[in-house]
Amino acid sequence: MMVQVEIDHESGFCFGVTTAIKKAEEELANMKSGNDDHTLYCLGDIVHNGMEVERLHGRGLITINHDELSRLHDAKVLLRAHGEPPGTYELAKRNHIEIIDATCPVVLQLQRRIKKQCDNNPLAQIVIFGKNGHAEVLGLVGQTHGRAIVVESIDDVKHLDFEKDIYLYSQTTKSLDEFHEIIEYIQGHISKQATFKSFDTICRQVANRMPNIANFAAKHDLVLFVSGRKSSNGKVLFNECKSVNPNSYQIEGANEIDMDWFKGVETVGVCGATSTPKWLMEECREYILRHVG
C-alpha cells in the first residue's frame, strides 16, 4: 500500500526569518568571493532550528552569545529577526562592531511602540505577554530599561497591580486566543480609576497559520510537525495540530521518524513552524517514501 505524503505549502519560514537568512547568505557569499576578509558572527541561533543553523555554520556563520559579543572588537555581527535591546547596539558601537541588522520589521515596530509608551507614561505597568528569556522578549523589555512585566499565563497576570494603569502588548508569535483570555481577565479586575489598553501585536503571518494548520492536520491520518523544540511558535502550532489530530508527532528531523507510527496510515501531512526550512520538510517526506510500503 502506497502512503500519500503532502507538505503544507503554508508552512516554512516567515518573512522575518527568510530575510535574516538571505542577509546571512549574501554576507557569507561576499566573504567567500574574497571581497571581505571578516568572519561573520550571529548573535544567538539565527533561527530556532538546529539543522538550518548547522547548514549555515557549514558556510561559515559563527554563532556567539552575549558574553562572547562583549569580548569582540572590530568584527561583523548579524542580529537575527528576534531583535535586540538597546544595550547591544551601545556595546557594538563601543567595540567598533559592524552590525548587520536583520531584526524583523514587525518586531522593530513593536520595539518602537513599547519604547514610546514607556517614555510617555513611565509610571504605568508595561505588560508583555510572552516567554521569559525569549530573545524577542528580552529585546522588548530592553526598550523599557528593564521595567516591563512579562506574563506567560493567567497565573502571572494575577500578580499585576490592578490599581495602576496597564498597557498590554504581546510577543509577535504568541497565541491570539490566549492573548484575548488575558485581556478579558484584566478587564474584569482593573480598578475603575486605572487605565487599561491592549495592543494586538501578534504577527498576522503567524496568527493566520493557526486555522490553516488546523485544517491541514484534520485531513490526514497522521501529521508530522517538523520544528526545533526551542521554537516558541513551533510549540503553539504543534499544540494546535495535536488538538485537531491526536495522531500528530513533533520531530526535529527525519532521524526521529518512527516507522511504527505508519501502521494503517494512508495519508501523511508534513508541516512546520515559521522557523522550519522547506528543505527539511522535503527531506522528511523523502524519508517516509523510501521506508514505507
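Note that this is a predicted model, so its numbers are computed, not measured.

**Concerning unusual backbone geometry**
In this structure, Asp-74 is a non-glycine residue whose phi angle is positive, near 50°. Of the residues examined, Asp-74 reaches a relative accessible area of 53% and is grouped as exposed. The phi dihedral of His-145 is positive, around 60°, even though this residue is not glycine. Structurally, His-145 is set in the loop between α6 (135–142) and β7 (149–151). On the accessibility criterion, His-145 (64% relative accessible area) is exposed.

**A short note on the packing of helix α10 (residues 209–218) against helix α11 (residues 232–244)**
Direction vectors running N to C along α10 and α11 enclose 40°, while the axes themselves pass 9 Å from each other. With respect to each other, α10 and α11 are oriented oblique. Relative to α11, α10 is oriented so that their crossing is right-handed. Of the residues in α11, those touching α10 at Arg-209, Met-210, Ile-213, Ala-214, Ala-217 and Ala-218 are Val-236, Leu-237, Glu-240, Cys-241 and Val-244. Class assignment of the residues belonging to the contact of α10 with α11 gives a composition of 9 nonpolar, no polar and 2 charged.

**A closer look at the side chain of His-220**
Positionally, His-220 belongs in the loop between α10 and β10 (222–226). Side-chain polar atoms of His-220 contact the side chain of Glu-6, separated by 2.9 Å. For His-220, the residues in contact, after removing those within four places along its chain, are Glu-6, Asn-245, Thr-267, Val-268 and Gly-269.

**Thoughts on a negative patch on the surface**
A contiguous patch of negative charge, built from Asp-177, Glu-178, Glu-181 and Glu-184, is present on the exposed surface. On the secondary structure map, Glu-184 appears in helix α8 (residues 176–189). When its relative accessible area of 57% is taken as the criterion, Glu-184 is described as exposed.

**Overview of the packing of aromatic side chains**
Describing an aromatic ring pair means giving the distance of the ring centres and the angle of the ring planes. All told, the structure shown has 5 aromatic pairs when counted by the stated rule. Ring centres of Tyr-169 and Phe-199 lie 4.7 Å apart, and the angle between their planes is 15°; on these two criteria the pair is classed as stacked. One end of the pair, Tyr-169, is in strand β8 (residues 166–170); the other, Phe-199, is in the loop between β9 (196–198) and α9 (204–207), and 30 residues separate them in sequence. The pair Tyr-169 / Phe-199 is uniform in exposure class, with both members buried. Ring geometry for Phe-225 and Phe-238: centres 5.8 Å apart, planes at 45°, overall tilted. Of the two residues, Phe-225 is situated in strand β10 and Phe-238 in helix α11; the sequence distance between them amounts to 13 residues. Phe-238 matches Phe-225 in its accessibility class, with the two residues each being buried.

Cut-offs and rules
- Residues numbered from 1 in each chain as written.
- Predicted model: local features only at pLDDT ≥ 70, side-chain atom pairs only at ≥ 80, totals over all residues.
- Heavy atoms only, no water.
- Buried < 20%, exposed > 50% of the residue type's maximum accessible area, 1.4 Å probe, protein only.
- Helix = DSSP H or I, 4+ residues; strand = E, 2+ residues; numbered from the N terminus.
- Axes fitted to C-alpha atoms, helices over the stretch in contact; angles between N-to-C directions.
- Parallel < 35°, antiparallel > 145°, perpendicular 65-115°, else oblique.
- Left-handed = near helix turned anticlockwise from the far one by under 90°.
- Contact = heavy atoms within 4.5 Å.
- Nonpolar A, V, L, I, M, F, W, Y, C, P; charged D, E, K, R; others polar.
- Polar contact = N/O pair within 3.5 Å; in protein donor to acceptor, adjacent residues only side chain to side chain.
- Patch = residues over 30% accessible without salt bridge, like charges linked within 9 Å, V, L, I, M, F, W, Y side chains within 5 Å.
- Areas by Shrake-Rupley, 256 points an atom, 1.4 Å probe, with all protein chains shown as cover.
- Salt bridge = Lys/Arg side-chain N within 4 Å of Asp/Glu carboxyl O.
- Lys, Arg positive; Asp, Glu negative; His and termini not counted.
- Charge placed at Lys NZ, Arg CZ, Asp CG, Glu CD.
- Phe/Tyr/Trp six-rings, centres within 6.5 Å; stacked < 30°, edge-to-face > 60°.

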